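# Breakdown of the fold
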Amino acid sequence: MAPSIHYHCPCLSSSPVPPPPHLASSSCSFHALHTLFFCEECDAVRCNRCVSVEVSGYYCPNCLFEVPSASVRAEKNRCARNCFLCPNCRNTLSVVPSDPPEDDGRSSIPLSAIGEPPFFLYCNHCRWDSAEVGITFEKPTGLAAQLQRFEDSASDSLEFERLKEHFEPFLRTSSLSSSSHLPTHPSHHTRTSSITAAASAALARDIPGVGRYNTANPLGRSRGKDKSVNKDEMPEYRSRVEIGASGMAGDAEFMKHIEDVGEVAGLEQRWINSWKSSLQTSDLKPLRIPLHSKVSKRCPTCTHILIKPEQKAQSVRYKIKLVAANYLPAITVALPHMQTQDATKRTVAKSTPDEDKGASATMYAGKTYAFHLALTNPLYDPIQVRLSVQRMHVAVSSDGTIPEKARRPPFAVSLPTSSFTVAAFAEAWEYEDDEDMFGVEDDELGLESPRKSGKDKDGRGKTKTVGVLEKKANLTVVGGEVVIGKEARGNVKFNMLVSYTYRSDDPAPPEDDDVPRSPMKGPEVKTFAFYTVVDLGAISPKEVLQVVDLDF
Amino acid sequence: MDPPIFYSKAEFIETDTGNKVSRRATIAGPQNIILGGKTIISSGAIIRGDLRRTGPGHAVVISLGRYCLVGEGCVMRPPYKTYRGNFNYYPMKIGDHVHIGANSVVEAATIGNHVEIGKNCVIGKFTIIKDCAKIADNTIVPPNTVIPALALFSGSPGRFTQDLPESTQEMVEAATKTYYTRFQPLDR
Ligand SMILES: [Zn+2]
Ligand SMILES: [Zn+2]
Ligand SMILES: [Zn+2]
Ligand SMILES: [Zn+2]
Ligand SMILES: [Zn+2]
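Now for a quick tour of the structure. The structure displayed is predicted, hence computed values, not measured ones. (Residues numbered from 1 in each chain as written. Chains lettered and ligands numbered in written order. Predicted model: local features only at pLDDT ≥ 70, side-chain atom pairs only at ≥ 80, totals over all residues. Heavy atoms only, no water.)

Looking now at the coordination of the zinc ion (ligand 2). All names here are of chain A. Distances from the zinc ion (ligand 2) to its protein donors, Cys-9 (SG), Cys-11 (SG), Cys-47 (SG) and Cys-50 (SG), fall within 2.2 to 2.4 Å. Around the zinc ion (ligand 2) sit four donor atoms, and with donor-metal-donor angles ranging over 107 to 112 degrees the site reads as tetrahedral. If you list the donors of the zinc ion (ligand 2) from N- to C-terminus, the spacing comes out as C-x1-C-x35-C-x2-C. In this structure Cys-9 comes out as buried when scored by relative accessible area, which is 1%. On the basis of relative accessible area, Cys-11 is assigned to the partly exposed category, the value being 33%. (Donors = N, O, S within 2.8 Å, 3.2 Å for Na, K, Ca; no water. Tetrahedral: all angles 85-135°; square planar, octahedral: opposite > 155°, others 65-115°. Buried < 20%, exposed > 50% of the residue type's maximum accessible area, 1.4 Å probe, protein only.)

Attention now moves to the packing of aromatic side chains. Counting across every chain of the model gives 18 aromatic pairs over all chains. With 4.4 Å between their ring centres and 25 degrees between their planes, Tyr-7 of chain B and Phe-183 of chain B make a pair best called stacked. Of the two residues, Tyr-7 of chain B is situated in strand E1 (residues 5–8) and Phe-183 of chain B in strand E25 (residues 183–186); the sequence distance between them amounts to 176 residues. The pair Tyr-7 of chain B / Phe-183 of chain B is uniform in exposure class, with both members buried. Cluster of aromatic residues (ring-pair linked, three or more members): Tyr-7, Phe-38, Tyr-327, Tyr-500, Tyr-502, Phe-528 and Phe-530 of chain A. The ring of Tyr-180 of chain B carries the charged tip of Lys-20 of chain B above its face, separated from the ring centre by 5.2 Å. Against the face of Tyr-90 of chain B rests Arg-53 of chain B, its NZ or CZ located 4.9 Å from the ring centre. (Phe/Tyr/Trp six-rings, centres within 6.5 Å; stacked < 30°, edge-to-face > 60°. Helix = DSSP H or I, 4+ residues; strand = E, 2+ residues; numbered from the N terminus. Lys NZ or Arg CZ within 6 Å of the ring centre and 35° of its normal.)

All names here are of chain A. Distances from the zinc ion (ligand 4) to its protein donors, namely Cys-86 (SG), Cys-89 (SG), Cys-123 (SG) and Cys-126 (SG), fall within the range 2.2 to 2.3 Å. With four donor atoms in place around the zinc ion (ligand 4) and angles of 101 to 117 degrees between them, the coordination shape is tetrahedral. In terms of primary sequence, the donors binding the zinc ion (ligand 4) are separated according to C-x2-C-x33-C-x2-C. One end of the pair, Cys-86, is in the loop between strand E7 (84–85) and strand E8 (94–96); the other, Cys-126, is in the loop between strand E9 (120–122) and helix H3 (143–153), and 40 residues separate them in sequence.

As structure tokens, then:
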């Protein structure tokens, strides 16, 4: 596993400090930089876990038709055109005519929908065929409508219709009352929460011991009149179909006569049905393809929009896109002893230099390793960065049941203690002089042993493992070091606080960095800090050392 | 930070527009193939520009945009079908910043920009892959599949697995450019 770094979003806890890296909760609190957002208003990182999501458009992932929101509900969130999933393997089904097979010897199923009726749906992955389950069509278009009667007569959809009717009067009153209280909410939110409330009330009444589901109200407002509506006063609902009464005996009878496992529909094939469905493969019906949606994302605190896609379903552009990568420096981690090895592996005729045998892709207990952090500045102004390792308070459980894990992290990390600059981002730097970039790095490859990285570059002959190693355009590489204890196990994983200062006035051309900005408002310096978790990889016990084969 | 990926200078031909084509790749019907520039065709790849639509004249069979990578041992073959009784090949069009992992077989009709296809995949005939989609390693995409923008597909048959992040385009663009820069000749 390559070393990794993830960025903290503090939304899961009230504390701005992330959990210690060895706890399971750590992985939930940290995210890859490219998945994070940034709210300028709150000056804070946001993640997919905490942003509020709103659907901005629906489309079918197969025919790519953009479905107007108005018809989405009537069409039950599925494509109402000609798109079906294979009930057996979930591949998209093709509409094929009953033409005699072509004799070109390549394909027995013609793929064009021009031919003789009846038409049927065919899976070109598992060869499921709708004719086998008695479904054929007179014309190759409007298949969803032709299948509609199957769907509408299914017991689950009938039951659902009935449930809706049952709750309708209640919904009408409750949405009236709540809409007057929460005018800022989009209407479907209100409706959703009333449905949830109604369902929860019914559940609480019917099943003893089931608690009321409490919708977390992000705005922290009380739901006003809702409280006065007594949900328990709704008339009792009687289901149309007796659950469990039908089928059981039949299932047993069917199971007795199975000759082939394939006759039984697998759990995965029946899973998405909301109703208990037949066990028999021969009863599986083609499924209309569920619609996908494009979504907008908002800051959960101030409700500013962070992501707003363009309307067109297949466009990958955004009207608004506030991503953390445009605000926070991107950091990558590397272990130079791993890279050296990679390079030797790839270099065709390069003889393996006199590397010490410890320089393999693994880290061994009792050794010291250098690591590199490369910081790239996305801002049009230089930033001043300071790194520090978060001190770890490892709680030892009182009864001492897990002494192995609960011990203090058995490694010590050194990072540059002074702050360093990362130059401003400039478009021109981006790719033009990339060739030189590697020319310079070339000679340093292969002769780099883990402890000596950066030594030769530092003209003063001083070993420089920890500190700034390299600056190039808007990239600064700093070195750190980890001393691993003799008895160490697990991963070298630690939380690192990154704080950087930047000028917060409007960006000026990057060339005149030293020229003072507009005289009216002098450059204001601001600091932003965020946590990361750095995982350098697993520690191998020292004994394994001899087994490592460097020849691959 | 990433070290160069060295190739033997003798093995690759570099064109004026920066395409790098391995002499160990099989380029059939090169007159029917367009490479957009800074595109790499790896060793052992097979590109079937010779499978062209019947009829007179010159036809583009396979076109690849800029910063593409056809991985080692990949097979790129135009899709075919029999339509109204006539057997024919149809062109394959691939956008910019498309990476195809080693040993994958591609018979797609169109692949958009910023698309990543993993190793050992089969992309069936007439598949349409929209911008910024990703196909995980070892995915089997059956013929005629449509893969929407920003979707991750995986498995056999390839199925929608999740939406990709909003910054996918920038990520893929940076990755393909970096790869091209890292891909350096070794003069010995
Ligand atoms: Zn905010
Ligand atoms: Zn969050
Ligand atoms: Zn559709
Ligand atoms: Zn199937
Ligand atoms: Zn905001």
